[in-house]
Amino acid sequence: MAKRTLVTAALPYANGPLHLGHLAGAYLPADLYVRYKRLKGEDVLFICGSDEHGVPITLAADKEGITPADVVEKFHNINKKAFAELGISFDYFGRTSSEAHHKTSQDFFKTLHEKNVFVEKSQDQLYDPKADMFLPDRYVRGTCPSCGYEEAYGDQCEKCGTSLSPTDLKNPTSVITGEKPEFRQTNHWFLPLNDFQQWLEEWIDSRKNWKGNVLGQCKSWLNEGLNERAVTRDLNWGVPVPLPGTEGKVLYVWFDAPIGYISATKEWAEQQGNPDRWKTYWQDEETELIHFIGKDNIVFHCIMFPAMLKAHGDFVLPENVPANEFLNLEGRKLSTSRGWAVWLHEYLEDFEPDLLRYVLAINLPETRDSDFSWSDFQSRVNSELADILGNFIFRTQSFLNRYFDGTIPELVNPTERDTEVLNAIAEYRDEIGKLYDGFSLKEAVLQSMNLARLGNKYFTEMEPWHLRKSDMERCGTVLHVCAQLTAALATVFSPILPSKMAVLRKELNLPDTDWNNISSTLLEAGHKIQKGTILFNKIEDETIEAQVRRLKERAGEQPASDIPELKETATFEDFMKIDLRSAEVLTAEPVPKSDKLLKLEVDIGLEKRTVLAGVAQQYKPEELIGKKVCVVANLKPRKMMGVKSQGMVLMAEDTDENLYPITTEAPVGSIIK
RNA sequence: GGCGCGGUAGCUCAGUUGGUAAGAGCGUCGGAUUCAUAACCCGGAGGUCGGCGGUUCAAAUCCGCCCCGCGCUACCA
């Protein structure tokens, strides 16, 4: 076994608050694992922090008329607070805007630069002369070459979804000044991931116990072949490139963010008064580095960051990356833009943190996407936390207080069954420990609850309420066993329910303990306990209904705001340049190897034409044949998937991306104006 | 279309180096009980393990094809 473990959880992006999906995907599993390790007395360090760079943050700032620093300050604090309240026990929660991070990531870059790892390339990029800066992709707007949408961003057209490069745009304008940008030469540094392809394949192949979903994703990327990837950008929000003559350039956020794990560890060491101590966790071969992330982050943590670390040479490589799948909400994908989410800070206004920890933990998306529903939340809390765990603890505490004056009775002549149950404590401890060690967290939680189930079964089987009248000594022995189980549960459930178990340990007058001490002798005969309280209250139907109502109302309100804003005013002349004609769809067939395109033959009166339409996901060819539709007849032809398209069939698109053909009664060839 | 992952009881999910494992919790039905938050405990019902073929003495588990869901990727003139 390694001497120590460094656990990281994905750095949350500081442009918005966190929701249940984030918690279930990375932070809760990481915290369960870390808390278990700590209870075992192992040397484990848990690092996280806010990822505060990147274009989305600058855009969010512009939108609200505040600075990027204001944006990240806001969400860094909101998220940090939510984590703290949920008991996510980071040893250090840093942020990538910190000075230490800037220095660390710059040093990292410099080392790679000095080792000639990067490829430097000069390229044309759009530059805003008035603002005196290069424009990031998202800062350029213009006409989409694909669909003609005039407000397309330089990286992607929001209208048609096409991925773009800013230089593709027609009539580009700067978002900042509205000026027409010009081309200027700019230098950038690229990490040639292709050089690492073979090493990565061998390295990943040599990994032990990686999850199938993680290996699958890695192989998918490796099969497609890795390419050079820019590690710098022209932007002024981020970590400045530490080379002369590079004003206005920063490290690309995907490059600097994972280095944030290292920076945060340094800051932690500093805070500990032992500034060099971070090295133990990042440079000693006997450290196991574990990254907890969601599946969206696999490529960064299994391909790019390892390549960076390997290229650098001074750091340990990840031992395992137990990425989770996604959590759905009430059977639907989470969507922040559609309001389909439960925010952590909102949850915390209404419920206790441990309830959510348990419900998410027992249903983590470990091997596939899983579902969170409010009714399941209620059911888990009521029938498992309250009825199984809470009930066993409380009936034991009550019985001890009522009939034994709150004192643990002697274990006298234990029966075979008594011994069996007492022995089960150590067996569960070992079994559950193995499950944690192997990242089978869900199963670990399930088995933890089974120990409480065993307690209830034993209690009922022994019927101490009868023994109390017939054989007080025997009754005491039974309650002794139940008390030991309760004490064991107080530690077994500590990773999952930290604050509730702290309360319980206090009631049991059981000082902090550790995992290895979980045994059948945690409480000695004669030990005094306090009166028990109800740890878990049941949740009423109305409470749950209110949550569901709030969720649905918010989701229902959303579409209105999704209706795109009007484009800028067009002149009559602009409009008249477009020649719209009524046309009949004569034939329609799928385009080979395309999921979206249908190849249509249309009669526009003057002639018959081939037109491609991106509607294959919603319309079968035969559904369009015979329809009289509206066609843009003078659109410049364009080749796609090897087929030349001479025009465009007009479709209306609703906010859910459903398409509706614009049909007409007019004779074929009629001008539409 | 390519690549990856998944499709197991009404619900949420375990389970694959092929063979007494077809499982758990919830829900449901029946019984027992009262120490306990009408909780606990016992028992029953309930599944062609997405579909069709194949390999094998034996397949949820391996292979092929197909259908459905999710993710990445290429084309939405």
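Residues numbered from 1 in each chain as written. Chains lettered and ligands numbered in written order. Predicted model: local features only at pLDDT ≥ 70, side-chain atom pairs only at ≥ 80, totals over all residues. Heavy atoms only, no water.

**A look at the overall build of chain A**
Logical step 1: Of regular secondary structure, chain A possesses 20 helices and 26 strands.
Logical step 2: Counting the 673 residues in chain A, one finds 52% classified as buried.
Logical step 3: Within chain A, contacts between residues separated by at least 24 positions form 73% of all contacts whose residues are at least 6 apart in sequence.
Logical step 4: As displayed, chain A offers around 31,100 Å² of accessible surface, 47% of which is attributable to carbon and sulfur atoms. (Helix = DSSP H or I, 4+ residues; strand = E, 2+ residues; numbered from the N terminus. Buried < 20%, exposed > 50% of the residue type's maximum accessible area, 1.4 Å probe, protein only. Contact = heavy atoms within 4.5 Å. Areas by Shrake-Rupley, 256 points an atom, 1.4 Å probe, with all protein chains shown as cover.)

**Here we look at the confidence of the model for chain A**
Logical step 1: Model confidence for chain A is summarised by a mean pLDDT of 87, while 90% of its residues fall at 70 or above.
Logical step 2: What the predictor reports for the complex is a pTM of 0.85 with an ipTM of 0.92. (pLDDT = per-residue confidence, 0-100.)

**Describing the packing of aromatic side chains**
Logical step 1: Considering all chains together, one arrives at 34 aromatic pairs under this definition.
Logical step 2: On the basis of an interplanar angle of 65° and a centroid distance of 6.0 Å, the ring pair of F292 and F439 is categorised as edge-to-face. Of this pair, F292 sits in strand β13 (residues 287-292) while F439 is found in the loop between α13 (416-437) and α14 (441-462), placing the two residues 147 residues apart along the sequence. Of the two residues, F292 and F439, neither departs from the other in class, the shared state being buried.
Logical step 3: The cationic tip of K121 hangs over the ring face of F190; the distance from NZ or CZ to the ring centre is 5.2 Å.
Logical step 4: Between the NZ or CZ atom of R332 and the centre of the ring of W340, over which it lies, the distance is 3.8 Å. (Phe/Tyr/Trp six-rings, centres within 6.5 Å; stacked < 30°, edge-to-face > 60°. Lys NZ or Arg CZ within 6 Å of the ring centre and 35° of its normal.)

**Some points on the side chain of Q547**
Logical step 1: On the secondary structure map, Q547 appears in helix α18 (residues 541-562).
Logical step 2: Q547 gets classed as buried once you look at its relative accessible area, which sits at 9%.
Logical step 3: Residue contacts for Q547: discarding those within four places in its chain leaves D350, F351 and W374.

**A few points about the sheet that holds strand β2 (residues 43-50)**
Logical step 1: Judged by pairing direction, the sheet is parallel, and its five strands sit side by side in the order β3-β2-β1-β13-β14 without closing on themselves. Strands at the two margins of the open sheet, each flanked by one partner only, are β3 (92-95) and β14 (318-320). Recorded for the sheet is a direction-independent mean angle of 35° between the axes of neighbouring strands.
Logical step 2: Inspection of the sheet shows β13 paired to β14 by two bridges, in the parallel sense. Residue pairing across strands places L289 opposite P318, the latter belonging to β14. (Pairing = 2+ DSSP bridges. Axes fitted to C-alpha atoms, helices over the stretch in contact; angles between N-to-C directions.)

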